[in-house]
Amino acid sequence: MSLFRVMEIATTGMSAEGVRLNTTASNIANANSVSSSYDQTYKARHPVFAAEMQRATQDQSQGTGVQVLGIVESPRPLQIEYSPGHPMADENGYIYKPNVNVIEEMADMMSSSKAYETNIQVADTTKRIFRRVLQLGQGQ
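About the thresholds
Residues numbered from 1 in each chain as written. Predicted model: local features only at pLDDT ≥ 70, side-chain atom pairs only at ≥ 80, totals over all residues. Heavy atoms only, no water. Helix = DSSP H or I, 4+ residues; strand = E, 2+ residues; numbered from the N terminus. Rg over C-alpha atoms; globule rule 2.2 N^0.38 Å. Buried < 20%, exposed > 50% of the residue type's maximum accessible area, 1.4 Å probe, protein only. Contact = heavy atoms within 4.5 Å. Lys, Arg positive; Asp, Glu negative; His and termini not counted. Charge placed at Lys NZ, Arg CZ, Asp CG, Glu CD. Patch = residues over 30% accessible without salt bridge, like charges linked within 9 Å, V, L, I, M, F, W, Y side chains within 5 Å. Areas by Shrake-Rupley, 256 points an atom, 1.4 Å probe, with all protein chains shown as cover. Salt bridge = Lys/Arg side-chain N within 4 Å of Asp/Glu carboxyl O. pLDDT = per-residue confidence, 0-100. Phe/Tyr/Trp six-rings, centres within 6.5 Å; stacked < 30°, edge-to-face > 60°.

Secondary structure summary: the protein contains three helices and four strands in total. Taken over the C-alpha trace, the protein has a radius of gyration of 22 Å; the compact-globule value for 140 residues is 14 Å, which it surpasses by more than 25%. If one aligns the C-alpha atoms of the protein with their principal axes, the spans along those axes are about 80 × 30 × 15 Å. Relative to its 140 residues, the protein shows a buried fraction of 29%. For the protein, contacts bridging at least 24 residues in sequence account for 66% of all contacts bridging at least 6. In the protein, which carries 12 positive and 14 negative side-chain charges, the distance between the mean positions of the two groups comes to 12 Å.

Take a look at the structure:
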């Protein structure tokens, strides 16, 4: 596998983890929002990753990058709370809260941050190897 391909794989990993970090941040930011309707309530979102299979099937030695296929809403049920005095309550006295679990989101954010950091380290190591190869070519 060429060093250029290693850089490309690390870059796709950083890009995918950036999407994951942004999605997690959005979930946390909306965790305490309230709505008066089930349909208008924020629903937790999660990115769907996949290996870039087309390249992987062409040559197994080339390695596989990461592709973000999309962002899906969580199927978990929303939190429904009876609160007739709340200004956002519907006609039956219910308010609707997102299906965001802040503890899971924080764990996901830490995991994503570490994966992003690892991809940066791979890119930095590859860059150092490039530099060393250039130095060898100059006779140093």
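With that out of the way, let us pick up a nonpolar patch on the surface. A cluster of nonpolar side chains, contributed by Y38, I80, Y82 and Y94, occupies part of the molecular surface with about 430 Å² of accessible area. Among the structural elements, Y94 can be located in strand β4 (residues 94-97). A relative accessible area of 33% places Y94 in the partly exposed class.

When pLDDT is averaged along the protein, the result is 90; 91% of the residues meet or exceed 70. Here helix α2 (residues 53-58) is the element of the protein with the lowest mean pLDDT, 60, and β4 is the one with the highest, 96.

Time to look at the packing of aromatic side chains. Taken as a whole and assessed by the stated rule, the structure comprises three aromatic pairs. Judged by centre distance (5.0 Å) and plane angle (45°), the ring pair of F4 and F130 falls under tilted. Pair noted here: F4 is in helix α1 (residues 3-29) and F130 is in helix α3 (residues 102-137), with a separation of 126 residues, a long-range link. A relative accessible area of 61% means that F4 is categorised as exposed. Residue classification places F130 among the partly exposed positions, given a relative accessible area of 24%.

Within the secondary structure, N27 is located in helix α1. The exposure class of N27 is buried, given its relative accessible area of 0%. Those residues within four positions of N27 in sequence are excluded, and the remaining contacts are Y42, A44, R45, H46, V100 and E105.

Attention now moves to the pattern of salt bridges. One pass over the full model with this rule turns up six salt bridges. Put simply, E8 and R5 hold a salt bridge, and the shortest N to O gap is 3.2 Å. A residue pair is termed a helical-turn pair when its members lie 3 or 4 positions apart in one helix, as E8 and R5 do in helix α1 at three residues. On the basis of relative accessibility, which here comes to 31%, the residue E8 falls in the partly exposed class. E104 serves as the salt-bridge partner of R76, at 2.6 Å between the closest nitrogen and oxygen. In this pair, R76 is assigned in the loop between β2 (66-73) and β3 (79-82) and E104 in helix α3, connecting sequence segments 28 residues apart. Each of the salt bridges in this network shares a partner with another, and the network as a whole consists of E17, R20 and D108.

Right, let's talk about the side chain of T23 for a bit. Counting through the fold element by element, T23 comes out in helix α1. Note on T23: relative accessible area 7%, which makes it buried. In this view, T23 contacts R45, H46, P47 and I71; residues no more than four positions away in its chain are not counted.

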